[in-house]
Amino acid sequence: MKRLQRIAMLCLLIASAAWAQSNLEINTPAISQIRSTMQSRHAQLAPYYASGAVGLTADGGVALRDATAVPLAQRPAVQGLIAQENADRASLYREIARANGHPEWEADIRSTFAQRWIERAQAGWYIQSGGAWNKK
Amino acid sequence: MNRMPIALLCSAALLAGCVTINIYFPAAAAEKAADRIIDGVWQLQQDKPATAPSEGAKP
């Protein structure tokens with residue numbers, strides 16, 4: 001009976017190790033903080049994605065694509081939003097790599113996110129590929 | 001009873017295998033994590049982006 005219990009324990013251990021491998025840790029306080037800041041900023045950025053003023057870059061960030069689509073008075077604000085968004089995204093990629101014990105994964109995480117942001121972008125948003133902007 | 005050490009060795013080897021594999025970047029897990037975060041940031045689950053008020057404020 002005791003042996004069975006031990007075997008069951010080992011199975012549990014192996015299963016949890018396998019589970020940990022198929023899921024990345026994204027629930028640390030630092031990551032949650034960045035996620036909620038980015039979520040609230042998105043309400044401000046969304047109209048600029050839709051108008052084509054701001055687009056998604058190939059390296060997992062955002063950039064000003066067409067400054068003329070933004071009224072002159074609003075340009076500094078938009079540039080501020082873009083800078084904050086890129087800083088948050090950089091911290092997000094770094095924190096996920098760190099939370100999973102592999103800081104060297106940061107670049108891989110960034111390129112995975114870059115693909116997924118683009119894949120899940122709404123139709124009509126602009127996406128950068130090979131230096132050129134394309135409308136999705 | 002003398003089967004225990006073998007069982008232990010086997011499971012130790014299995015566990016070590018998992019740890020070794022984990023050195024490589026888990027691309028599928030990263031995609032899943034990215035999708036979960038993107039869902040939250042872009043509010044894709046609710047399908048109700050709050051763009052209407054900010055669009056009204058644009059011009």
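Below is a summary of the structure that appears in this document. Along each chain, residue indices are assigned from 1 in the same order as the chain's sequence is written. Each chain takes a letter, starting from A, and each ligand takes a number, starting from 1, following the order in which they are written. With pLDDT at 70 or above as the cut-off, local features in this predicted model cover only qualifying residues; side-chain atom pairs require 80 or more to be listed or tallied, and sums for whole chains, interfaces and linings still use all residues. Only heavy atoms go into the side-chain values, all of them from the structure, while hydrogens and water stay out.

## Here's the deal with the packing of helix 2 (residues 29-51) of chain A against helix 3 (residues 75-99) of chain A
Residue and element names in this part refer to chain A.
Then step 1. Lines fitted to C-alpha atoms define the axes here, with helix axes fitted over just the stretch in contact, and angles between the N-to-C directions of these axes take values from 0 to 180 degrees. Helix and strand labels come from DSSP, where a helix needs a run of H or I of at least four residues and a strand needs a run of E of at least two; each type is numbered from the N terminus. One way to put it is that helix 2 packs onto helix 3 with a least axis distance of 10 Å and a crossing angle of 150°. Taken together, helix 2 and helix 3 sit at an angle that is classed as roughly antiparallel. Where helix 2 crosses over helix 3, the two elements pack in a sense that is left-handed. Facing helix 2, whose interface residues are A30, I31, I34, R35, T37, M38, R41, Q44, L45, Y48 and Y49, helix 3 presents V78, L81, Q84, E85, D88, R89, S91, L92, E95, I96 and A99.
Then step 2. Classification used: nonpolar for Ala, Val, Leu, Ile, Met, Phe, Trp, Tyr, Cys and Pro, charged for Asp, Glu, Lys and Arg, polar for all others including Gly. Of the residues in the contact of helix 2 with helix 3, the class split is 12 nonpolar, 4 polar and 6 charged. Orientation categories follow fixed angle ranges, with anything under 35 degrees roughly parallel, anything over 145 roughly antiparallel, 65 to 115 roughly perpendicular, and all other angles oblique. Note on convention: near helix rotated counterclockwise from far helix by under a right angle means a left-handed crossing. Clockwise means right-handed. By definition in these notes, contact holds between two residues if any of their heavy atoms fall within 4.5 Å.

## Description of the packing of aromatic side chains
Then step 1. We call Phe, Tyr and Trp rings a pair once their centres come within 6.5 Å, taking the six-membered ring for Trp, and we label the pair stacked below 30 degrees between planes, edge-to-face above 60, and tilted otherwise. Inspection of the entire model under this criterion finds 7 aromatic pairs over all chains.
Then step 2. Geometrically, the ring pair formed by W117(A) and W42(B) is tilted, given 4.9 Å between the ring centres and 50° between the ring planes. One end of the pair, W117(A), is in helix 4 (residues 106-120); the other, W42(B), is in helix 2 (residues 27-42), on a second chain.
Then step 3. Here's how the labels work: a residue is buried when its accessible area is under 20% of the maximum for its type, exposed when over 50%, partly exposed in between, all with a 1.4 Å probe on protein chains only. By relative accessible area, which is 4% here, W42(B) ends up buried.
Then step 4. Here the aromatic cluster, defined as three or more aromatic residues joined through ring pairs, consists of Y49(A), Y93(A), F113(A), W117(A), W125(A) and W42(B).
Then step 5. Lysine NZ or arginine CZ positioned within 6 Å of the ring centre and within 35 degrees of the ring normal marks a charge as sitting over the ring. Here the basic side chain of R65(A) rests over the ring of Y126(A), its NZ or CZ set 3.5 Å away from the ring centre.

## Points about unusual backbone geometry
Then step 1. Notably, Q43(B) is not glycine yet its phi reads approximately 55°, a positive angle.
Then step 2. Positionally, Q43(B) belongs in the loop between helix 2 and helix 3 (52-57).

## Describing the sheet that holds strand 2 (residues 62-64) of chain A
All names here are of chain A.
Then step 1. Read across the open sheet, the 4 strands follow the order 2-1-3-4; overall the sheet is mixed. The strands lining the two open edges of the sheet, one partner per strand, are strand 2 and strand 4 (132-135). The average undirected angle you get between the axes of adjacent strands in this sheet is 40°. By this definition, two strands are paired if DSSP reports at least two bridges between them.

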